[in-house]
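Reading the structure
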Amino acid sequence: MILALDIGNTNIVIGYLESEENIVFVERLSTDPGKTSLEYAISIKNVLELYNVDMNTLEGVIISSVVPPITNLICQAVRTVTGHEAMVVGPGVKNGLHIKMDNPAQLGSDRVVCAVAGIRDYPVPLVIVDLGTATTVEVLDAEKSYIGGMILPGVNASLEALVRHTSQLPKISLDSPRRLIGKNTIECMKSGIIHGNAACLDGLIDRIQEELGEPVTVVATGGLASVIVPHCRHKIIIDDALLLKGLLLIYQKNQQK
């Protein structure tokens, strides 16, 4: 069994898995730069105890992170709780991905991890959309090379900015609007955020296909995929476990002699 952690700007995703078919649990902790390694250790230990995890079954730990100040704290916390040194996705860790970027080292580890799982599980050319704190779009060509992508404000970030910078717009939930053309302020906001982001994804997919000159497979992951994707006009596959599967694959690649 492998303990996999993805440290994001908003949440730390914790998964315990043996294979992509056997994911025992997936949980989330809040990313908090103010916490100590001991506080993180207590939180991780509580999650493992909640699911009655037997430490004797744990083979290793792998971490991807886009929050460098938190990475060492989590590594220390994991060492305290499990006794294992975590493998951190980054330089020196084999991933098998061919990256055609101006500076491959700038590519976030979470993007690498999703791409590794994506090219194994889905037909290429492939577009992977991650709807998290930021919305990221990554493009892999017909040769399974990572050729680039887009980064845009996340759904919640956009909504928070809208509310913060206006005087009369309230905070709203992100449940599905009843109609496209809103009849009151809240309906208008919900439609604008949800249909607006869906239309944005549809438009980006159209432009990617035009630039590549061929159709693409589109996969979406991240906490808000299930909110936005049902309103898209393109066929988009939702894969909530994409990142965990990628972490497992990278862990296995680095165990091979």
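Preceding this paragraph is the structure being described.
A brief structural summary.

Cut-offs used in this document
Residues numbered from 1 in each chain as written. Predicted model: local features only at pLDDT ≥ 70, side-chain atom pairs only at ≥ 80, totals over all residues. Heavy atoms only, no water. Helix = DSSP H or I, 4+ residues; strand = E, 2+ residues; numbered from the N terminus. Expected span 1.5 Å × (residues − 1). Buried < 20%, exposed > 50% of the residue type's maximum accessible area, 1.4 Å probe, protein only. Contact = heavy atoms within 4.5 Å. Pairing = 2+ DSSP bridges. Axes fitted to C-alpha atoms, helices over the stretch in contact; angles between N-to-C directions. Salt bridge = Lys/Arg side-chain N within 4 Å of Asp/Glu carboxyl O.

1. Focus on helix α2 (residues 68-82)
- Relative to the 21 Å expected for 15 residues at 1.5 Å per residue, α2 spans 21 Å between its end C-alpha atoms, a close match to the ideal helical length.
- All buried positions along α2 are accounted for by Ile70, Thr71, Leu73, Ile74, Cys75, Ala77, Val78, Val81 and Thr82.
- Summarising the contacts, the buried residues of α2 are in contact with β1 (2-7), β2 (11-19), α1 (37-50), β4 (60-65) and β5 (87-88).

2. Regarding the pairing of strand β7 (residues 126-131)
- With six of six residues buried, β7 is to be regarded as a mostly interior element.
- A two-sided burial pattern is seen for β7, the buried positions comprising Leu126, Ile128 and Asp130 on one face and Val127, Val129 and Leu131 on the other.
- Judged from the six bridges that link them, β7 and strand β8 (residues 134-140) form a sheet pairing that is antiparallel. From the neighbouring strand, Val127 faces β8, where its bridge partner is Val139.
- Sheet topology places β7 next to strand β10 (residues 217-221); five bridges connect them, and they run parallel. The residue of β10 that forms the bridge with Val129 is Ala220.

3. Here we look at the environment of Leu201
- Mapped onto the elements of the fold, Leu201 is located in helix α5 (residues 185-212).
- On the basis of relative accessibility, which here comes to 4%, the residue Leu201 falls in the buried class.
- Once the C-alpha coordinates of Leu201 and Arg111 are considered, the two residues, 90 residues apart in sequence, prove to be 18 Å apart.
- Once residues lying within four places of it in the same chain are set aside, the contact partners of Leu201 are Val129, Leu131, Thr135, Ile228 and Cys232.

4. Details of the sheet that holds β1
- Across the sheet, which stays open at both edges, the five strands sit in the order β3-β2-β1-β4-β5 with mixed pairing between neighbours. The open sheet has two edge strands, β3 (22-30) and β5, and neither has a second partner.
- Examined bridge by bridge, β4 and β5 share two bridges and lie parallel to one another. Within the sheet, the bridge partner assigned to Ile62 lies in β5 and is Met87.
- The strands touched by α1 within the sheet are β1, β2 and β3, with β3 carrying the most contacts at an inclination of about 145°.

5. A closer look at the pattern of salt bridges
- Tallied over the full model, the rule gives 11 salt bridges.
- Notably, a salt bridge pairs Asp110 with Arg111, separated by 2.7 Å at the nearest N-O pair.
- Residue Asp110 is classed as buried on the basis of its relative accessible area, which comes to 14%.
- Connected through shared salt-bridge partners, Asp110, Arg111, Asp130 and Glu138 make up one network.

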